[in-house]
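Here is how the chains run, residue by residue.
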Amino acid sequence: MLALGLVLNTLGIGLFCWAIFALAVYALPFFVALSIGMAAFQSGAGFIGALLIATAGGALTLVLGQVAVAITRSLALRIAIATVFAVPAAVAGYHVVFAVSQIGVSSLAWREVFACLGAVCIGVTSWTRLTVLAETRPCEPGVVVENPSLSAIIKRLRESSVKSGLTARQRSLV
């Protein structure tokens, strides 16, 4: 029983850490949604209305941030947008790691060290998740950039159709 308990505790802590890292990108939209929802509720929108407004505000924040990072050509502006998303994630990561470290660490100094390391790790994870998918584009207007992954897929499809013995008409459709 003791071994089973240790294994299940390890899996639970691992699942909790995965959830923290997976949800780190959504810290800013959550804070925006919470602020908008509280303001709407206090102004008399009711529970359902505040919930709908908060959900729309959080989703809009996330979509606008991802679109802004994707279409912006300036590297400095991309870094600034990703930093706006990463700072609330780092603050949330600090508080989560500080609270979890109270379980097993009695020294306040070590809890602070772990919390700061957690804040850095979660902030960097959030920043990376926003910027890793955004590729730089050429600055010249009117230049067509070919997607290399798409052309490689089409080339492989054509090669496989030749090998499989398709007719010329069927290959032209590919």
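Our subject is the structure that appears above.
All of these numbers come straight from a predicted model, not from anything done at the bench.

Novice: If you had to explain the nonpolar core to someone new, which residues and values would you point to?
Specialist: Generally speaking, nonpolar side chains in soluble globular proteins are found buried as a group. If you look at the biggest cluster of nonpolar residues, it comprises seven residues: Val-25, Leu-28, Leu-62, Val-69, Ile-81, Phe-85 and Leu-130. Of all the secondary-structure elements, those providing two or more residues to this core are helix H3 (46-71) and helix H4 (75-101). The contact partners of Leu-130, leaving out residues within four places of it in the chain, are Val-25, Gln-66, Val-69, Ala-82 and Phe-85. With five residues, the next largest nonpolar core counts Ala-24, Ala-27, Ala-89 and Ile-122 among its residues.

Novice: Just give me the short version of the packing of aromatic side chains, but keep the residues and values in it.
Specialist: Working definition: an aromatic ring pair is given by the centre-to-centre distance plus the angle between the planes. Here the structure, examined in full by the defined rule, presents three aromatic pairs. Ring centres of Tyr-94 and Phe-98 lie 6.1 Å apart, and the angle between their planes is 10 degrees; on these two criteria the pair is classed as stacked. With Tyr-94 and Phe-98 both in helix H4 and four residues apart, this pair spans about one turn of that helix. Given a relative accessible area of 21%, Tyr-94 falls into the partly exposed group.

Novice: Outline helix H5 (residues 108-131), listing residues and values.
Specialist: Between its first and last C-alpha atoms H5 spans 34 Å; for 24 residues at 1.5 Å apiece the expected length is 34 Å, and the two agree. All of the buried residues along H5 are Arg-111, Ala-115, Gly-118, Ala-119, Ile-122, Gly-123, Ser-126, Leu-130 and Thr-131. In this structure, the buried residues of H5 make contact with helix H1 (2-23), H3 and H4.

Novice: Residues and numbers for the side chain of Arg-78, please.
Specialist: Along the chain, Arg-78 turns up in helix H4. At 2.7 Å, the side chain of Arg-78 and the backbone oxygen of Thr-72 are in polar contact.

Each value, and the rule that gives it
Residues numbered from 1 in each chain as written. Predicted model: local features only at pLDDT ≥ 70, side-chain atom pairs only at ≥ 80, totals over all residues. Heavy atoms only, no water. Core = buried A, V, L, I, M, F, W, Y, C linked by side-chain atoms within 4.5 Å. Buried < 20%, exposed > 50% of the residue type's maximum accessible area, 1.4 Å probe, protein only. Helix = DSSP H or I, 4+ residues; strand = E, 2+ residues; numbered from the N terminus. Contact = heavy atoms within 4.5 Å. Phe/Tyr/Trp six-rings, centres within 6.5 Å; stacked < 30°, edge-to-face > 60°. Expected span 1.5 Å × (residues − 1). Polar contact = N/O pair within 3.5 Å; in protein donor to acceptor, adjacent residues only side chain to side chain.

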